[in-house]
Amino acid sequence: MAGDKFEKGDATKGASIFKTRCAQCHTLGKGEPNKVGPNLHGLFGRKTGQVDGFSYTAANVNKGIEWGNETLFEYLENPKKYIPGTKMAFAGLKKAKDRNDLIAHLEEATK
């Protein structure tokens, strides 16, 4: 069924979602500080719980998956279901299109 898996999204729309739903806790640029959540620069291809200087829960560190389109698509729908015990206080993005758009933005903005 369409919409239940990762599909290439609209990075411009994703930037807007990031600004309203994510930027209060996360930064994207190289060398920018961690906030309540870790800096996301270099996110793609990195394993969970690996940002220097950020205090992760054991659940996040021990999840041990590599962040990419598919894992982010699943995680961003319901972070607490994907990583039980995470301290990320974000309910998730229920609409597949919103997740796809956000992932497209993250893919560009975190390189």
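Use the structure listed above.
Let me begin by describing the structure that accompanies this report. (Residues numbered from 1 in each chain as written. Predicted model: local features only at pLDDT ≥ 70, side-chain atom pairs only at ≥ 80, totals over all residues. Heavy atoms only, no water.)

## So, the state of the cysteines
Now for step 1: Evaluation of the coordinates by the stated rule reveals 0 disulfides.
Now for step 2: Left without a disulfide partner, Cys22 is nearest to the cysteine sulfur of Cys25, which lies 8.7 Å away.
Now for step 3: Take Cys25: its relative accessible area is 28%, and that puts it in the partly exposed class. (Disulfide = S-S within 2.5 Å. Buried < 20%, exposed > 50% of the residue type's maximum accessible area, 1.4 Å probe, protein only.)

## What about the side chain of Asp101?
Now for step 1: By the secondary structure assignment, Asp101 is in helix α5 (residues 96-109).
Now for step 2: A relative accessible area of 4% means that Asp101 is categorised as buried.
Now for step 3: In terms of polar contacts, Asp101 uses its side chain to reach the side chain of Lys97, at 2.9 Å.
Now for step 4: If we ignore the near neighbours within four places in the chain, the residues touching Asp101 are Gly9, Asp10, Ala11, Lys13, Gly14 and Ile17. (Helix = DSSP H or I, 4+ residues; strand = E, 2+ residues; numbered from the N terminus. Polar contact = N/O pair within 3.5 Å; in protein donor to acceptor, adjacent residues only side chain to side chain. Contact = heavy atoms within 4.5 Å.)

## Some points on the packing of aromatic side chains
Now for step 1: Scanning the model with the defined rule gives 3 aromatic pairs in all.
Now for step 2: With 4.8 Å between their ring centres and 70° between their planes, Phe54 and Tyr56 make a pair best called edge-to-face. Like Tyr56, Phe54 is buried.
Now for step 3: The interplanar angle of 70° and the centroid separation of 5.9 Å between the aromatic rings of Tyr75 and Tyr82 together place this pair among those described as edge-to-face.
Now for step 4: Among the aromatic side chains, those forming a connected cluster through ring pairs are Trp67, Tyr75 and Tyr82.
Now for step 5: Over the ring of Phe73 we find Arg99; its NZ or CZ atom is 4.1 Å from the centre of that ring. (Phe/Tyr/Trp six-rings, centres within 6.5 Å; stacked < 30°, edge-to-face > 60°. Lys NZ or Arg CZ within 6 Å of the ring centre and 35° of its normal.)

## Section: the layout of surface pockets
Now for step 1: Approximately 570 Å³ is the volume attributed to the largest pocket.
Now for step 2: Lining the largest pocket are 32 residues, with His26, Gly37, Pro38, Tyr75 and Met88 sitting closest to its centre.
Now for step 3: Looking at the lining of the largest pocket, the elements with two or more residues in it are α1 (11-21), α3 (69-75) and α5.
Now for step 4: Residues that form the lining of the largest pocket fall into these classes: 19 nonpolar, 9 polar and 4 charged. (1 Å grid on protein atoms, 1.4 Å probe; cavity = no way out; pocket = protein on both sides within 12 Å on 5 of 7 lines; lining within 4 Å. Points joined across faces, edges and corners; volume = space filled by probe spheres on them. Nonpolar A, V, L, I, M, F, W, Y, C, P; charged D, E, K, R; others polar.)

## Re the pattern of salt bridges
Now for step 1: This model, assessed by the stated rule, comprises 4 salt bridges.
Now for step 2: Put simply, Lys8 and Glu107 hold a salt bridge, and the shortest N to O gap is 3.4 Å. In this pair, Lys8 sits in the segment before α1 while Glu107 sits in helix α5, placing the two residues 99 residues apart along the sequence.
Now for step 3: A residue is classified by how much of its surface remains accessible, and Glu107, at 22% relative accessible area, is partly exposed. (Salt bridge = Lys/Arg side-chain N within 4 Å of Asp/Glu carboxyl O.)

## Structural notes on the nonpolar core
Now for step 1: By size, the foremost hydrophobic cluster in this structure holds 22 residues, and its most contacted members are Phe18, Trp67, Tyr75, Leu102 and Leu106.
Now for step 2: Every element with two or more residues in this core is listed here: α1, α3 and α5.
Now for step 3: It is α5 that contributes the most residues to this core, 4 residues altogether.
Now for step 4: If sequence neighbours within four positions are ignored, Leu102 has contacts with Gly14, Ile17, Phe18, Cys22, Leu76 and Leu93. (Core = buried A, V, L, I, M, F, W, Y, C linked by side-chain atoms within 4.5 Å.)

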